[in-house]
Amino acid sequence: MRRIPESHITEAIFRALQYISAYHSPDFIESMTRAWKKEESSAAKNAIGQILKNSKMAAIGFRPICQDTGIVVVFVEIGTKVWIDTELSLQDLINEGVRKAYTSPENPLRASVVKNPESNRINTKDNTPAVIHMESIPGDEIHFWVAAKGGGSENKAKFAVLNPSDSIVDWVLQKIPEMGAGWCPPGVLGIGIGGTPEKAMLLAKRSLLDPIDIDKLNDSDPVQKLRKEIYTKANSLGIGAQGLGGLTTVLDVKIRTYPTHAASLPIALIPNCAATRHIHFSLNGETIPDFIPPPIQTWPDMEEDSRTESKIVDLDSLTSDSILDWKAGDRLLLRGTLLTGRDAAHKKIVELLREGKSLPVDLRGKFLYYVGPVDKKPGSDEVVGPAGPTTSTRMDKFTEEILETGILGMIGKAERGNQTVELLKNKKRAYLIAVGGAAYLVSKAIRSSEVIAFPELGMEAIHKFEVFDMPVLVAVDTSGNSIHKTGPAYWKQKIEIANATEKG
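Residues numbered from 1 in each chain as written. Predicted model: local features only at pLDDT ≥ 70, side-chain atom pairs only at ≥ 80, totals over all residues. Heavy atoms only, no water.

Among the secondary structure elements, Asp290 is positioned in the loop between β10 (278-283) and β11 (310-314). Asp290 gets classed as exposed once you look at its relative accessible area, which sits at 58%. Each C-alpha atom of the pair Asp290 and Tyr19 lies 9.5 Å from the other, and the pair is 271 residues apart in sequence. There is a polar contact of 2.9 Å between the side chain of Asp290 and the side chain of Arg15. (Helix = DSSP H or I, 4+ residues; strand = E, 2+ residues; numbered from the N terminus. Buried < 20%, exposed > 50% of the residue type's maximum accessible area, 1.4 Å probe, protein only. Polar contact = N/O pair within 3.5 Å; in protein donor to acceptor, adjacent residues only side chain to side chain.)

Further remarks concern the sheet that holds strand β5 (residues 142-149). Here four strands make up an open sheet; going across it, the order is β4-β2-β5-β10 and the pairing mixed. Where the open sheet ends on each side, the last strands, each with one partner, are β4 (131-137) and β10. Within this sheet the neighbouring strands show an average axis-to-axis angle of 15°, counted without direction. Here eight bridges tie strand β2 (residues 71-79) to β5, and the two strands are oriented antiparallel to one another. By the bridge assignment, Phe75 is partnered in β5 with Trp145. The strands touched by helix α1 (residues 6-22) within the sheet are β2, β5 and β10, with β10 carrying the most contacts at an inclination of about 160°. On the sheet, helix α4 (residues 90-102) packs against β2, β4 and β5 and is oriented at approximately 140° with respect to β2. (Pairing = 2+ DSSP bridges. Axes fitted to C-alpha atoms, helices over the stretch in contact; angles between N-to-C directions. Contact = heavy atoms within 4.5 Å.)

With that settled, the discussion passes to the state of the cysteines. Evaluation of the coordinates by the stated rule reveals zero disulfides. Cys184 carries a free sulfur, and the closest cysteine sulfur to it, the one in Cys273, is 5.7 Å from it. For Cys273, a relative accessible area of 12% gives the class buried. (Disulfide = S-S within 2.5 Å.)

Tallying each qualifying case throughout the model produces seven aromatic pairs. An angle of 40° between the planes, with centres 6.0 Å apart, marks the rings of Trp326 and Phe367 as tilted. Of the two residues, Trp326 sits in the loop between β11 and β12 (331-340) while Phe367 sits in strand β13 (residues 367-369), which places them 41 residues apart along the sequence. By relative accessible area, which is 2% here, Phe367 ends up buried. Cluster of aromatic residues (ring-pair linked, three or more members): Tyr19, Tyr23, Phe62, Phe144, Phe281 and Phe291. (Phe/Tyr/Trp six-rings, centres within 6.5 Å; stacked < 30°, edge-to-face > 60°.)

What follows concerns the pairing of β2. Each regular strand carries side chains that alternate between the two faces of the sheet. In terms of strand pairing, β2 meets β4 through seven bridges, oriented parallel. Residue Val76 lies in a different strand from β4, and its bridge partner there is Met134.

Sheets are built from strands that pair by backbone hydrogen bonding, the pairs being arranged parallel or antiparallel. Within the open sheet, the four strands sit side by side as β6-β9-β7-β8. Their pairing is mixed. Two strands in the sheet have a free side with no partner beyond their single neighbour: β6 (158-162) and β8 (250-258). Each strand of the sheet is rotated relative to its neighbour by a mean of 15°, with strand direction disregarded. Relative to β8, strand β7 (residues 187-194) runs parallel, the two being bridged by eight bridges. Each bridged residue has a counterpart across the sheet, and for Gly194 the counterpart in β8 is Tyr258. Lying on the sheet, helix α8 (residues 222-235) is in contact with β7 and β8; it crosses β8 at an angle near 145°.

This paragraph deals with the packing of helix α2 (residues 26-38) against helix α3 (residues 42-61). The geometry of α2 relative to α3 is characterised by a closest axis approach of 9 Å and an angle of 150° between their N-to-C directions. Judged on the interaxial angle alone, α3 and α2 are roughly antiparallel. Between α2 and α3 the crossing geometry is left-handed. Along the contact surface, α2 presents Ile29, Met32, Thr33, Ala35, Trp36 and Lys37, while α3 presents Lys45, Ile48, Gly49, Ile51, Leu52 and Ser55. Residue composition of the contact of α2 with α3, by class: seven nonpolar, three polar and two charged. (Parallel < 35°, antiparallel > 145°, perpendicular 65-115°, else oblique. Left-handed = near helix turned anticlockwise from the far one by under 90°. Nonpolar A, V, L, I, M, F, W, Y, C, P; charged D, E, K, R; others polar.)

With that settled, the discussion passes to the pattern of salt bridges. Pairing of side chains with opposite charge becomes possible as their charged atoms draw close. Taken as a whole and judged by the stated rule, the model has 35 salt bridges. The residue Glu154 makes a salt bridge to Lys149 at a minimum N-O spacing of 3.2 Å. With a closest N to O distance of 3.2 Å, Asp252 and Lys254 form a salt bridge. Each member of the pair, Asp252 together with Lys254, is buried. One salt-bridge network, held together by shared partners, links Glu11, Arg15, Lys100 and Asp290. (Salt bridge = Lys/Arg side-chain N within 4 Å of Asp/Glu carboxyl O.)

Moving on to the side chain of Asn272. Here Asn272 shows up in strand β9 (residues 265-272). Accessibility expressed as a relative area gives 4% for Asn272, which makes it buried. Within the local environment of Asn272, its side chain forms a polar contact with the side chain of Lys149, the two groups lying 3.0 Å apart.

For the bond running from Thr128 to Pro129, omega is 0°, close enough to zero to count as cis. Note on placement: Pro129 falls in the loop between α4 and β4. Omega for the peptide link from Pro185 to Pro186 comes to 5°, which places this bond in the cis form. By the element assignment, Pro186 lies in the loop between α6 (168-178) and β7. Not every positive phi belongs to a glycine, and Phe62 is a case in point at roughly 50°. Along the chain, Phe62 turns up in the loop between α3 and β2. Classification of Phe62 by relative accessible area gives partly exposed; the value is 28%.

Another point: helix α11 (residues 418-427). Because an α-helix completes one turn every 3.6 residues, residues spaced three or four positions apart along the sequence face the same direction. For α11, the complete set of buried residues consists of Thr420, Val421, Leu423 and Leu424. Taken around the axis of α11, the buried residues stretch over an arc of 160°, which confines them to a single face. Every exposed residue of α11 that faces more than 90 degrees away from the buried side is listed here: Asn418, Gln419 and Asn426. Next to the buried residues of α11 lie α10 (396-403), β14 (409-412), β15 (430-433) and β17 (462-476). (Arc of directions from axis to C-beta.)

With that settled, the discussion passes to the nonpolar core. Core analysis: the largest hydrophobic core is formed by 94 residues, its most contacted members being Ile9, Leu17, Ile94, Phe144, Val146 and Phe281. Among the elements that line this core, the one with the most residues is α1, at nine residues. Discounting residues that sit within four places of it in the chain, Phe144 has contacts with Ile9, Ile13, Val74, Phe75, Val76, Ile94, Ile279, His280, Phe281 and Leu283. Counting 27 residues, the second largest nonpolar core, distinct from the first, contains Trp171, Leu173, Trp183 and Leu237. (Core = buried A, V, L, I, M, F, W, Y, C linked by side-chain atoms within 4.5 Å.)

Encoded structure:
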């Protein structure tokens, strides 16, 4: 029997989570770099460039890649000849590692987990418990696959039980546009096929933890052939980075299968976003692994500066008339005062409005940034931790009433629903986007931060930010033009013409 001390498990989980919060894996960086180099869409290329810059900055500063530091998912394979020297359960040991990682004073991570999901949804404050999947295998080691999954990508998970004769490819291609851009493409698609409904979902999730290798596929293998077909056709949709339209929507397609009932074809689809975070390691009782950062040469040199293509906007002198000239696709650099607010704050504001009560903050003439930032690093010169945008469609149901407060617009990520776009058009308001997956980069534009309302909401409290040259893009202008509609439509047609020309 192989003895493994409990401290090895807790410390390894702690180290793994701290590591993946700040470092992309080299295969992801290299794949994203290839996508950046070949991208022809200016908007998409700029978005991928920001993601790569953010990745490098997070690595150098050892700070989270994304403000959403995820819910922890751990797959464990336990050798039959392993003895864990502890009176605690393996789940308890893993959760202690999670707790230590998310409350570390050296690199604080955002606590994103709430208990009692059906009722009061109180934050657990330490991101426990993790979601843990275990199985027994022959051998004298424990193998761990540790991931931190953000809400933007997890919320886009899809599942169906198809008829055995149905097309897997057709189903996937139907679901990808339905996911919108809230999962922060380009990223990786995980697909689970077979087993039972819950098994298919686990297969999809587990597949996302495999290395990116789409360029090494063997067409003679049915699963690899299917991966390549979905990859090619998915990128032909023209959705592109951040849903702005472009050549690369997915970096890889991962598929895992399992035998299933003759009458069934369960299939699950789960994306990994541009802040993909996972690592694999093993324990044998001898040492605790040290995770070595990628060499700085892994990231591309990116000398171009898009500032010359951006308009400088003074938020403090902005009026409803001055935003009328903005066009969907314009790049802006914001300077001045921003207010923040996401799900919980929106709910409280709308409740106060419906009760006829005054708001604790004046929203008139302001832009509302959908963000829940990471706490700043103690003892550092940070104003706030990584502060990237959250998915805006979750705020759609509040938008009509929020617009009545006199705000000029909102900043988030991904598309807005058709009804919200129509509201913005009617009210002559604008919707801007920051790049999802560039949270540390965005935080460097924040010069001061103050909680001004609902402090009990923690990271969801309303903050007042003073920003300088915060990069955003006009996603919906005051005429109701949406780049999330025009961009993908243009690039889908462009790709179709190019493919037809190449074939004929």
